[in-house]
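Here is what each chain is made of, one letter per residue.
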Amino acid sequence: MSKAAAERCAEKIGTMERFLPEKEAGKSQSTPFTEEEINSYLQLVLKPRYHPSLRTLEVTLKKDRLRARALIDFDRLRGSSAGVFRNLLAFMFSGVRTLDAEGKLHTGSGRGRFELEEARFDGRTLPAGVVNEIIAAVGMRQNPPFNPTEPSSLPYGIERVEIGPGELVAYQ
């Protein structure tokens, strides 16, 4: 993780934003991001914007797969959750816990969603449904709120994303 890698990631995002008018004119481009750039950006640029329930977030990129490791503060999540199941989760768990989630990122036609395939909570396997609810609860506390397990529009006019070992390529 480095400031330089975070700056490279931010510059690439800026380039993608500036490309939107050209995309509307029928042009396309691809933008590669390294795992180091993504994690540096998450930690050094976005972390201050996270809801306090999300302490850290780190991704590992594999061929056609994404692994995310998050430290979640359930005491802070409890105070801001909505919905009966999310409140139940927040009361069942307390303190800061590690959530490892691995799966596929499905993208196409400007939309994407994360399909959970394996999850570990403090090193123990949990049912996918429980982990999806935890992911949704934390995601809905972010600004802007989102649920990565539900289909949603990709930012910056991205049409699709390809993931390879240590690299993600965004196609506009």
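Above this text is the structure in question.
Let me sum up the structure you'll find in this document. The shown structure was predicted, so the numbers you read here are calculated from the model rather than taken from an experiment. (Residues numbered from 1 in each chain as written. Predicted model: local features only at pLDDT ≥ 70, side-chain atom pairs only at ≥ 80, totals over all residues. Heavy atoms only, no water.)

**Structural notes on the environment of Ala119**
Link 1 in the chain: Note on placement: Ala119 falls in strand β5 (residues 111-121).
Link 2 in the chain: For Ala119, a relative accessible area of 5% puts it in the buried group.
Link 3 in the chain: Separated by 48 residues in the primary sequence, Ala119 and Glu167 place their C-alpha atoms 22 Å from one another. (Helix = DSSP H or I, 4+ residues; strand = E, 2+ residues; numbered from the N terminus. Buried < 20%, exposed > 50% of the residue type's maximum accessible area, 1.4 Å probe, protein only.)

**Notes on the sheet that holds strand β8 (residues 160-164)**
Link 1 in the chain: Pairing within the open sheet is antiparallel, and its three strands lie in the order β1-β9-β8. Two strands lie at the open edges of the sheet, namely β1 (30-34) and β8, each paired on one side alone. In this sheet, neighbouring strand axes are inclined to one another by 20° on average, regardless of whether the strands run parallel or antiparallel.
Link 2 in the chain: Strand direction decides the pairing type here: β8 and strand β9 (residues 167-171), joined by five bridges, are antiparallel. Bridge pairing in β9 links Arg160 to Tyr171.
Link 3 in the chain: Contacting β1 and β9, helix α1 (residues 3-24) runs over the sheet at an angle of about 165° to β1.
Link 4 in the chain: Helix-sheet contacts for helix α2 (residues 35-46) involve β1 and β9, and the interaxial angle to β1 is about 75°. (Pairing = 2+ DSSP bridges. Axes fitted to C-alpha atoms, helices over the stretch in contact; angles between N-to-C directions. Contact = heavy atoms within 4.5 Å.)

**Considerations on the environment of Lys12**
Link 1 in the chain: Note on placement: Lys12 falls in helix α1.
Link 2 in the chain: In this structure the C-alpha to C-alpha distance between Lys12 and Pro32, which are 20 residues apart in sequence, comes to 8.4 Å.
Link 3 in the chain: What Lys12 contacts, discounting residues up to four positions off in sequence, is Thr31, Pro32, Phe33 and Glu37.

**Comments concerning the packing of aromatic side chains**
Link 1 in the chain: In this structure the tally under the stated criterion is zero aromatic pairs.
Link 2 in the chain: Over the ring of Phe33 we find Lys12, and its NZ or CZ is 5.6 Å from the ring centre.
Link 3 in the chain: Sitting above the plane of the Tyr171 ring, Arg160 keeps its charged end 3.9 Å from the centroid. (Phe/Tyr/Trp six-rings, centres within 6.5 Å; stacked < 30°, edge-to-face > 60°. Lys NZ or Arg CZ within 6 Å of the ring centre and 35° of its normal.)

**Some remarks on the packing of α1 against α2**
Link 1 in the chain: For the pair α1 and α2, the least separation of the axes is 7 Å and the interaxial angle reads 95°. With respect to α2, the element α1 is oriented roughly perpendicular. On α2, the residues that touch Lys3, Ala5, Ala6, Arg8, Cys9, Ala10, Lys12 and Ile13 of α1 are Glu36, Glu37, Ile38, Ser40, Tyr41, Leu44 and Val45.
Link 2 in the chain: Tallied by class, the residues present in the contact of α1 with α2 amount to nine nonpolar, one polar and five charged. (Parallel < 35°, antiparallel > 145°, perpendicular 65-115°, else oblique. Nonpolar A, V, L, I, M, F, W, Y, C, P; charged D, E, K, R; others polar.)

**Description of the pairing of β9**
On any regular strand, side chains alternate: one points to one face of the sheet, the next to the other face.
Link 1 in the chain: Pairing geometry for β1 and β9, over five bridges, is antiparallel. Within β9, the position partnered with Phe33 by the bridge is Leu168.
Link 2 in the chain: Count of turn residues in the β8/β9 antiparallel hairpin: two residues, of which Gly166 carries a positive phi of about 75°.

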